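One letter stands for each residue in the lines below.
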Amino acid sequence: MPNQKLVIKVTAGADAPERCSQAFTVAAVAVASGVEVSLWLTGEASWFALPGRAAEFALPHAAPLPDLIESVQAGGRITLCTQCATRREITEGDVLEGVRIAGAQVFVQEIMADGVQALVY
């Protein structure tokens with residue numbers, strides 16, 4: 001799948017576990033399929049940018065969130081929304097290694113690029 005990129009914005013966390021898990025699963029499967037993936041953590045999903053938080057998430061019959069995050073990081077990029085981080089008092093020094101903090105301008109640039117598909121969960 002050359003020149004294809006998938007941008008996924010996850011707004012759900014433990015408050016909507018099935019939607020949250022689905023977003024991370026789609027991102028991990030896309031990476032495994034050779035698609036360039038950019039996964040954005042916003043809203044309640046923002047907490048998963050912090051070490052140990054994904055391990056607290058459980059959903060029966062779903063892949064463990066830490067494994068999905070590791071898969072995405074292996075071949076994609078994870079970004080934490082700037083405003084969401086600020087509202088939760090999360091700084092760059094707090095997040096998992098490899099997670100960047102960026103704002104709406106970067107998100108818009110990513111979704112407007114040629115060959116990009118965007119999903120929101």
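Heads up: the structure comes first, above all this text.
Remember, predicted model here, so these are calculated numbers, not experimental data.

Analysis parameters
Residues numbered from 1 in each chain as written. Predicted model: local features only at pLDDT ≥ 70, side-chain atom pairs only at ≥ 80, totals over all residues. Heavy atoms only, no water. Pairing = 2+ DSSP bridges. Helix = DSSP H or I, 4+ residues; strand = E, 2+ residues; numbered from the N terminus. Axes fitted to C-alpha atoms, helices over the stretch in contact; angles between N-to-C directions. Contact = heavy atoms within 4.5 Å. Buried < 20%, exposed > 50% of the residue type's maximum accessible area, 1.4 Å probe, protein only. Right-handed = clockwise from strand over helix to strand, strands pointing away. Phe/Tyr/Trp six-rings, centres within 6.5 Å; stacked < 30°, edge-to-face > 60°.

S.K.: What exactly am I supposed to notice about the sheet that holds strand β5 (residues 116-120) here?
M.R.: Hydrogen bonding along the main chain pairs the strands of a sheet, whether they run parallel or antiparallel. An order of β4-β3-β2-β1-β5 is seen for the five strands of this open sheet, with the pairing classed as parallel. Each edge of the sheet is formed by a strand with only one pairing partner; in this case those strands are β4 (100-102) and β5. Mean inter-strand twist for the sheet, computed between neighbouring axes without regard to direction, equals 25°. In the sheet, strand β2 (residues 36-41) pairs with strand β3 (residues 77-81) via four bridges, with the strands oriented parallel. The residue of β3 that forms the bridge with W40 is T79. Most of the contacts of helix α1 (residues 17-32) go to strand β1 (residues 5-10), to which it runs at about 160°, and overall it touches β1, β2 and β5. The strands that helix α4 (residues 104-112) touches are β1, β2, β4 and β5; relative to β1, the one it contacts most, it runs at about 140°.

S.K.: What's the story with the pairing of β3 in this structure? I'm lost.
M.R.: Strand residues, when the strand is regular, have side chains that alternate between the two faces of the sheet. Most of β3 is tucked away, with four of its five residues classed as buried. With three bridges connecting them, β3 and β4 associate as parallel partners. Bridged to C81 within β4 is A102. Handedness of the crossover is the feature at issue here: the chain leaves β3, passes through helix α3 (residues 82-87), returns alongside β4, and the resulting connection is right-handed.

S.K.: What is the right way to read the packing of aromatic side chains from this model?
M.R.: Each aromatic ring pair is described using two quantities: the centre-to-centre distance and the angle formed by the ring planes. Tallied over the entire structure, the rule returns three aromatic pairs. A centroid spacing of 5.3 Å and a plane angle of 80° characterise the contact between W40 and F107, whose relative ring orientation is edge-to-face. Residue W40 is located in strand β2, and its partner F107 is located in helix α4; the two are separated by 67 residues in the primary sequence. Each member of the pair, W40 as well as F107, is classed as buried. Measuring from centroid to centroid gives 5.6 Å for F48 and F57, while their planes differ by 85°, and the two rings are edge-to-face. The pair F48 / F57 is uniform in exposure class, with both members buried. An aromatic cluster of three or more residues is present, and its members are F24, F48 and F57.

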